[in-house]
Amino acid sequence: MDHELDILMPYDIEKAVNSSIAVIAVRPETNKIDYESVIIQAVKEYGNPVYMANLNGVLLKHKAVVIGHYTCQFQFAAEAKYGMRGYPEMIEAFEKKFKHDFNSAKIIGSLEAVKNYQDEIGLSSEELFDLMVPYEDFLEMYGHTVKKYRDFFIVDYDIPAILRRYSDSTNILIVAIAMNDAGMQLNTLNRAIYENFCANGVIKIIDSAKRVNMRWFDQVRRTYHISHNHIEAMFDLKDYVFTEDKNSIGFSDTPLGRKIFESSGMSKQEFEKKILNFKNNPLQYVTSGGVKRLAYLINEGVKFNNDGIEELSIAECCDLLSSIEY
């Protein structure tokens, strides 16, 4: 057994690219048999695995998996105000929420907060991760979060703690599930897992007491990761699926990626470069309904609202990504 990578089920490309895929990853703190069993039991009636592996922290660090998965958030956590300044839409959302002038506001990234502002803020990475603020002091926009604490506005509060949790001794289980019904929403899996945790009564949702008043899909965020839509699933598959030689698969080896590639007219090298740019820079301007707007691509494939969850189909996600000027 390779201590860095233990593939329990190799990736079945042909079955995967003709399916709808959701990637499930346990968190480092829930990489335990009891948590894994609750998750696997919940999803087995909706689909079958096309990939299973245990990834070790050494591999995650060597392949820069965590940084690659949160590239945009790391950039803002390091230089928040500089990052926001490039997007007028973010400045507008900030000023509308907090009723505060952007230029004079003390906006800092979470990495800046723990490194450079200890005297003023005094929070460790874990304390910042656990910090709960009232609704009026919290903003979620374009894939980023802002928490007002004292007179600071801290962007992407969770990044320092995430960095610390993925050490060389970390192990995480990754499962890619191919849905039995290609038209079924990926969030069907998420809901099934949530309900199985609730029914179990013994295996707890992490921080359930603190998050009890949140929407059900926000309650489970700290217990496991799951792809919420086809765009996120394509990026998750690229991040977490490895071959025996420890290389990640291509975007064209994913269901959405294969569909985009086949209609792109590009060479495989050109296509992979284009989608990698979208993954590393998910803040892009998309065109829908004849209107050009700023979008955080990873969230674009799904909408959470009071009426439920609406997911774009693979074809609709293909059209959305194809609308981006490149």
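Now for a quick tour of the structure. For clarity, every value in this text was computed on a predicted model and none was experimentally measured. (Residues numbered from 1 in each chain as written. Predicted model: local features only at pLDDT ≥ 70, side-chain atom pairs only at ≥ 80, totals over all residues. Heavy atoms only, no water.)

### Things to note about the sheet that holds strand β1 (residues 5-9)
Reasoning step 1: With respect to topology, five strands assemble into an open sheet ordered β1-β3-β8-β2-β9, the strand pairing being antiparallel. Single-partner strands in this sheet number two, and they are β1 and β9 (224-226). Neighbour-to-neighbour, the strand axes of this sheet turn through a mean angle of 15°, independent of strand direction.
Reasoning step 2: Taken together, the nine bridges between strand β3 (residues 47-56) and strand β8 (residues 171-179) define a ladder with antiparallel strand orientation. Following the sheet pairing, A53 is matched in β8 by I174. (Pairing = 2+ DSSP bridges. Helix = DSSP H or I, 4+ residues; strand = E, 2+ residues; numbered from the N terminus. Axes fitted to C-alpha atoms, helices over the stretch in contact; angles between N-to-C directions.)

### Observations concerning the pairing of strand β11 (residues 291-296)
The side chains of a regular strand alternate, residue by residue, between the two faces of the sheet.
Reasoning step 1: Across six bridges, strand β10 (residues 283-288) lies against β11 in antiparallel orientation. Opposite Y285, over in β11, you have L294 as the bridge partner.
Reasoning step 2: Remark: two residues form the turn of the hairpin made by β10 and β11, two consecutive strands paired antiparallel; G289 in that turn has positive phi of roughly 60°.

### A word on helix α15 (residues 255-264)
Reasoning step 1: Three or more residues of α15 are buried, namely P255, L256, G257, I260 and F261.
Reasoning step 2: On its buried face, α15 is in contact with α1 (13-17), β2 (21-26), α14 (230-240), α16 (268-280) and α18 (314-322).
Reasoning step 3: One or two positions beyond α15, positive phi appears at G265, with a value near 75°. (Buried < 20%, exposed > 50% of the residue type's maximum accessible area, 1.4 Å probe, protein only. Contact = heavy atoms within 4.5 Å.)

### With respect to helix α7 (residues 88-98)
Reasoning step 1: The complete set of buried residues in α7 reads M90, I91, F94 and F98. Around the axis of α7, the buried residues are gathered within 100° of arc, so they sit on the same side. In α7, those exposed residues whose orientation departs by more than 90 degrees from the buried face are P88, E92 and K96.
Reasoning step 2: A positive phi of about 55° marks K99, the residue just after α7. (Arc of directions from axis to C-beta.)

### Things to note about the pairing of β2
Reasoning step 1: For β2, the buried fraction is high: six of the six residues fall into the buried class.
Reasoning step 2: Along β2, one buried face is formed by I21, V23 and A25 and the opposite face, lined by A22, I24 and V26, is buried too.

### So, the pattern of salt bridges
Reasoning step 1: According to the stated counting rule, one finds 14 salt bridges in the structure shown.
Reasoning step 2: Between E195 and R191 there is a salt bridge; the shortest N-O distance is 2.9 Å. You can see E195 and its partner R191 sitting in helix α12 (residues 187-200), four residues apart, about one turn around the helix.
Reasoning step 3: When salt bridges that share partners are traced, they join E140, R215, D218 and R221 into one network. (Salt bridge = Lys/Arg side-chain N within 4 Å of Asp/Glu carboxyl O.)

### Describing the side chain of E300
Reasoning step 1: Of note, E300 is situated in helix α17 (residues 297-300).
Reasoning step 2: Filtering out sequence-adjacent residues up to four positions away, E300 remains in contact with I231, R293, A295, L312 and L320.

### Describing the state of the cysteines
Reasoning step 1: Applying the stated criterion to the full structure yields zero disulfides.
Reasoning step 2: There is no disulfide at C318, and the cysteine sulfur nearest it, in C317, is 8.8 Å away. (Disulfide = S-S within 2.5 Å.)

### Details of the environment of I108
Reasoning step 1: Here I108 shows up in strand β4 (residues 106-109).
Reasoning step 2: Owing to a relative accessible area of 3%, I108 belongs among the buried residues under this scheme.
Reasoning step 3: For the pair I108 and F153, spaced 45 residues apart in the sequence, the C-alpha separation amounts to 6.2 Å.

### Some thoughts on the nonpolar core
Reasoning step 1: In this structure, Y51, L55, I193 and F197 are the most contacted members of the largest nonpolar core, which totals 59 residues.
Reasoning step 2: Those residues in contact with I193, other than ones at most four positions away along the chain, are I24, I39, A42, V43, Y224 and I226.
Reasoning step 3: C72, M84, F251 and C317 belong to the second-largest nonpolar core, a separate cluster that totals 39 residues. (Core = buried A, V, L, I, M, F, W, Y, C linked by side-chain atoms within 4.5 Å.)

### Side note on unusual backbone geometry
Reasoning step 1: At Y142, a residue that is not glycine, the phi angle is positive and equals roughly 50°.
Reasoning step 2: Judged by its relative accessible area of 28%, Y142 falls in the partly exposed class.
Reasoning step 3: Look at D156: it is not a glycine, yet its phi comes out positive at around 55°.
Reasoning step 4: Relative to the elements of secondary structure, D156 occurs in the loop between β7 (152-155) and α11 (159-165).

### Digging into the packing of α14 against α18
Reasoning step 1: Between α14 and α18, the least distance of the axes is 9 Å, while the angle of their chain directions is 80°. By the angle between their axes, α14 is roughly perpendicular relative to α18. Residue-level contacts link H230, I231 and M234 of α14 to I314, C317, L320 and L321 of α18.
Reasoning step 2: For the contact of α14 with α18, a count of residues per class yields six nonpolar, one polar and no charged. (Parallel < 35°, antiparallel > 145°, perpendicular 65-115°, else oblique. Nonpolar A, V, L, I, M, F, W, Y, C, P; charged D, E, K, R; others polar.)

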